[in-house]
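Close look at the chain arrangement
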Amino acid sequence: MKYISTRGNVNEIGFIDTVLMGLATDGGLLVPEQIPHIPAEKLQSMSKLSYQELAYEIISYYVDGEIPENELKELINKSYGTFRHPEVTPVQKIKDNMYVLELFHGPTFAFKDVALQFLGNLYSYIAKKTGVTINILGATSGDTGASAIEGVRGKEGIRICILHPHGKVSRVQELQMTTVNDPTVLNLAIEGTFDDGQRIIKEIFADLEFKEKYHLRAINSINFARILAQTVYYFYAYFQVAKEQDIKNLNFSVPTGNFGDIFAGYLAKRMGLPVGKLIVATNENNILERFIKDGVYQPGEFRGTYSPSMDIQVASNFERYLYYLLDENPSAVRELMDQFKSEGKIVVGEELLRQVQVDFAAHGVRNEECLQTIKTYYADTNYLLDPHTSCGVAAYEKSSIPNEVCVTLSTAHPAKFNEAIELCNIEQTYPEQIQQLFDKPQFLEVVRADNEEIARRLKKLFSSAQ
Ligand SMILES: N[C@@H](CCOP(=O)(O)O)C(=O)O
């Protein structure tokens, strides 16, 4: 399997080099040259596998022999051995036609653990095998940061710097990241939004001399390994629901900000999984909803919401989707991305929009609607939704397919977002791992959202001895 850039100016590379490159050197995103297609009979045989066995099958298509079978299996087993549920990502039926895929049973209680436990172990494996240095730079709107730190901390030869928007993540998200006291971990709280952080890291990655000199690696979903690991749970969910229901195509409602999680579902569909509609659930930061409904991709004004992990304007993985929408034509992608840079928007015509709407539906959930959905579901089903999952469920309810079977991705545990839960007058019990965070000291520095300032901090962190 070879990987290429959505913008067409990177020579094809293998899986490990793709992981190490993160953001493509031409500014685009790396994608497989050809998406593998899994025949129906093979899918049938996969349906009985455990999560770990299934992960091995799916991931192997993309690793394509670069990691020996026993080592890849070991890496996968180690990654999912840290999950609190034997099924890793269990599916719960909430009501007729409505399932929730619980992705929050990993160490930091968010779906990011599914990919970042894997990526942390993968980086460690690559470092040991090849001797390369792994210095990670990432941006978070709340969940990726803690999950990435948890995925790599204590692993020899790995250092990590995470930017988060100061005061714009939940209390628990902040504590999960900033109570880590380790010289190899640097938390910078930037004065700005997640979009500022994501822009800064992309600009720093684009400085190829700096990237090479300091061995910068990515943990955000710009790294294809993130998408790949997230693809597995779409297959797993499909197989679990198919055991209970006679389904042909299964719909998924996906709370999304950076378009990574839903792009993983799109990839699963292109691999042959019978997926119906992918419902894009956003909050009031609804650039993706507007694109899917009207074909106009244009950032709006930042809105603080109860689902801070989705407080995102510019969705990184949108470019990967554009690449497929534009028939894998890198020049067309380049042209649109240049237009986005110069004019601040991308507009697609009616024909392309029709294609978009074949695969996707969308709903942007208002703040009040998010809280109301938490309250209603708690009252009716006794199931406590976190505010991101609540957006997913609300988007499903608003879509035109409420009589078809749908799985909503539950991206986080409600204990991470008590700010919203307490406004619903619901008292929750914190899991022990979260409760203990409240007594710990914090380690973070507040900095200006300024490339030079961040680069200065990085040089210091990445030049220090481990
Ligand atoms: N919602 C994310 C934002 C970063 O997204 P990623 O999938 O690219 O890591 C977060 O919680 O940090």
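Residues numbered from 1 in each chain as written. Predicted model: local features only at pLDDT ≥ 70, side-chain atom pairs only at ≥ 80, totals over all residues.

1. Details of the pairing of strand 10 (residues 275-282)
Strand 10 sits mainly inside the fold: seven of its eight residues count as buried. Bridge analysis of strand 9 (residues 250-255) against strand 10 gives five bridges, and the strand direction is parallel. Pairing of F252 across the sheet is with L278, part of strand 10. Where the polypeptide runs from strand 9 across helix 11 (residues 260-270) and back to strand 10, its parallel neighbour, the crossover connection is right-handed. Taken together, the five bridges between strand 10 and strand 13 (residues 360-364) define a ladder with parallel strand orientation. (Buried ≥ 20, exposed ≤ 12 C-beta atoms within 10 Å, placed from the backbone. Helix = DSSP H or I, 4+ residues; strand = E, 2+ residues; numbered from the N terminus. Pairing = 2+ DSSP bridges. Right-handed = clockwise from strand over helix to strand, strands pointing away.)

2. Considerations on the UniProt feature "modified residue: N6-(pyridoxal phosphate)lysine" (unreviewed entry) in the protein chain
In this structure's numbering, the residues bearing the UniProt feature "modified residue: N6-(pyridoxal phosphate)lysine" (unreviewed entry) are K112. Considering the arrangement of structural elements, one finds K112 in helix 5 (residues 112-130). C-beta crowding within 10 Å serves as the criterion here: with 33 such atoms nearby, K112 is assigned to the buried category. Look past the residues within four positions of K112 in its chain and what remains in contact with it is D143, T144 and S147. (UniProt positions renumbered as here; feature names shortened; annotations may be inferred. Contact = placed C-beta atoms within 7 Å.)

3. Considerations on the site of the ligand
Taken together, the neighbourhood of the ligand is formed by 13 residues, with T140, D143, T144, N220 and S221 sitting nearest. The element that contributes the greatest number of residues to the shell around the ligand is helix 6 (residues 143-152), accounting for three residues. When the residues that make up the shell around the ligand are grouped by side-chain class, the tally is no nonpolar, 12 polar and one charged. (Near = placed C-beta within 6 Å. Nonpolar A, V, L, I, M, F, W, Y, C, P; charged D, E, K, R; others polar.)

4. Structural notes on the environment of E212
Relative to the elements of secondary structure, E212 occurs in helix 9 (residues 208-213). With 10 C-beta atoms counted inside 10 Å, the residue E212 sits in the exposed group.

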